[in-house]
Amino acid sequence: MEVRDIFALRKEGRFEEAYEAISRIYAVHRGPHTNLCMFWCTNDVLKQRLGARKVEEARRLLYQLIQLYPQTQDRLMQGNRAIVSAALKMDRLVENFNLLYFMPYFKRMTDADWQPYVYKGHPVPSLGQQVVNHLLKDLPSRDAEYINQIADLFRVAMQKSPYYIENLRHLAQMHTLLGQTDKAVEVYKKVLRRHHESYLYAELAKLLTDKNQKIALYCMAVVHQRREEFAAKYHRELAILLQDSNPRRAAYELRECLRIRQNKGQHVSAYTLRLQEKLKDISPVSADEEQTLYEHADAVVKQLIG
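Residues numbered from 1 in each chain as written. Predicted model: local features only at pLDDT ≥ 70, side-chain atom pairs only at ≥ 80, totals over all residues. Heavy atoms only, no water.

Asks: Please provide a residue-by-residue account of the packing of aromatic side chains, values included.
Replies: Taken as a whole, this structure holds six aromatic pairs when the rule is applied. Centre to centre, the rings of Y69 and Y105 are 5.9 Å apart; their planes meet at 70°, and the pair counts as edge-to-face. Highlighted residues: Y69 in the loop between α4 (55-68) and α5 (78-93) and Y105 in helix α6 (residues 103-107), separated in sequence by 36 residues. Comparing Y69 with Y105, the two get one shared label, buried. Each ring, one from Y101 and one from F102, has its centre 5.2 Å from the other, and the planes form 85°; the classification is edge-to-face. Classification of Y101 by relative accessible area gives partly exposed; the value is 46%. Taking relative accessible area as the criterion, F102 reaches 4% and is therefore assigned buried. Among the aromatic side chains, those forming a connected cluster through ring pairs are F39, W40, Y69, F97, Y101, F102 and Y105. Of note, R30 hangs over the ring of Y26, and the distance from its end group to the ring centre comes to 3.8 Å. (Phe/Tyr/Trp six-rings, centres within 6.5 Å; stacked < 30°, edge-to-face > 60°. Helix = DSSP H or I, 4+ residues; strand = E, 2+ residues; numbered from the N terminus. Buried < 20%, exposed > 50% of the residue type's maximum accessible area, 1.4 Å probe, protein only. Lys NZ or Arg CZ within 6 Å of the ring centre and 35° of its normal.)

Right, dumping it as structure tokens:
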């Protein structure tokens, strides 16, 4: 069997056969066509293992792909793109996967890799943007050294998509980590003028010291949260903030938090239970009465963000 026959097997979707066949040839002969075929057959099987969530086999094949890459012709950078895509999929499957190891491949991404696209009628961020999103997904737990390592790639992402919500959010988080709270606040205000995601209101609330503004922002986090199971934590924050100044409203918010946690089978912290004990004799306001707080909060937040 020759290399061209193995490429034909790939076209037929017979990836395992093709991989075994080229492995036998590659063991005794190395050349441009053999190397190229070995690389792409390895990638075919790697994608299958990733799809089947066979992590250890996928890890071995990804390492093999990296070893093959230097001797593989990649004029159009499709091989580089394959490695980047595989690394992203591994990061989705493996906790604490070392995505930084692949930074040389990320830095070689072409303009085509930074183009967003549509899949099944839905807009999808570019491959490059997906890389940045993955690198920054746990940004609040990172340090300044980590930021320095990914700064150049993030700068490219900002140049390509300066108004993309996650880029602006990550910029705000970077300012926060670097102690530049005022800059972070301004970025959050900017993004909230265009986007009304609950987590953005909550993250801005954590940066502010004005209690009334914090209450208003958490109210907006509740109002704009479309999935109830994610609203419990915002109700809890409101209960904490309101417990002394307006215990009846605090009792309402805590009741909503506990109702959601119970319905969704979520954990209730010891602190929340202590707060429940503190407010146990307080009569909550009605839902209509609490709605007036949310309506007032809307006006406060609009004034805050400009």
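Asks: Tell me about the environment of L208, and name the residues and values.
Replies: Its place among the elements puts L208 in the loop between α11 (198-207) and α12 (211-223). Each C-alpha atom of the pair L208 and T181 lies 8.9 Å from the other, and the pair is 27 residues apart in sequence.

Asks: Give me the lowdown on the pattern of salt bridges, citing residues and values where you can.
Replies: Enumeration according to the criterion identifies 23 salt bridges in this entry. In this structure, the salt-bridge partner of E237 is R236, at a minimum N-O distance of 3.4 Å. Using a relative accessible area of 25% as the deciding quantity, one classes E237 as partly exposed. Note on R236: relative accessible area 18%, which makes it buried. Between K280 and E277 there is a salt bridge, with its nearest N and O atoms 2.7 Å apart. In this structure K280 comes out as exposed when scored by relative accessible area, which is 54%. Overall, E277 belongs to the partly exposed group, its relative accessible area being 48%. Linked by salt bridges that have partners in common, E12, R14 and E17 make up one network. (Salt bridge = Lys/Arg side-chain N within 4 Å of Asp/Glu carboxyl O.)

Asks: If you had to explain the environment of V45 to someone new, which residues and values would you point to?
Replies: The topology assignment puts V45 in helix α3 (residues 32-51). Residue V45 is classed as buried on the basis of its relative accessible area of 2%. The sequence separation of V45 and Y19 amounts to 26 residues, and the corresponding C-alpha distance is 7.3 Å. Not counting residues up to four positions away in its chain, the partners in contact with V45 are F15, E16, Y19 and L61. (Contact = heavy atoms within 4.5 Å.)

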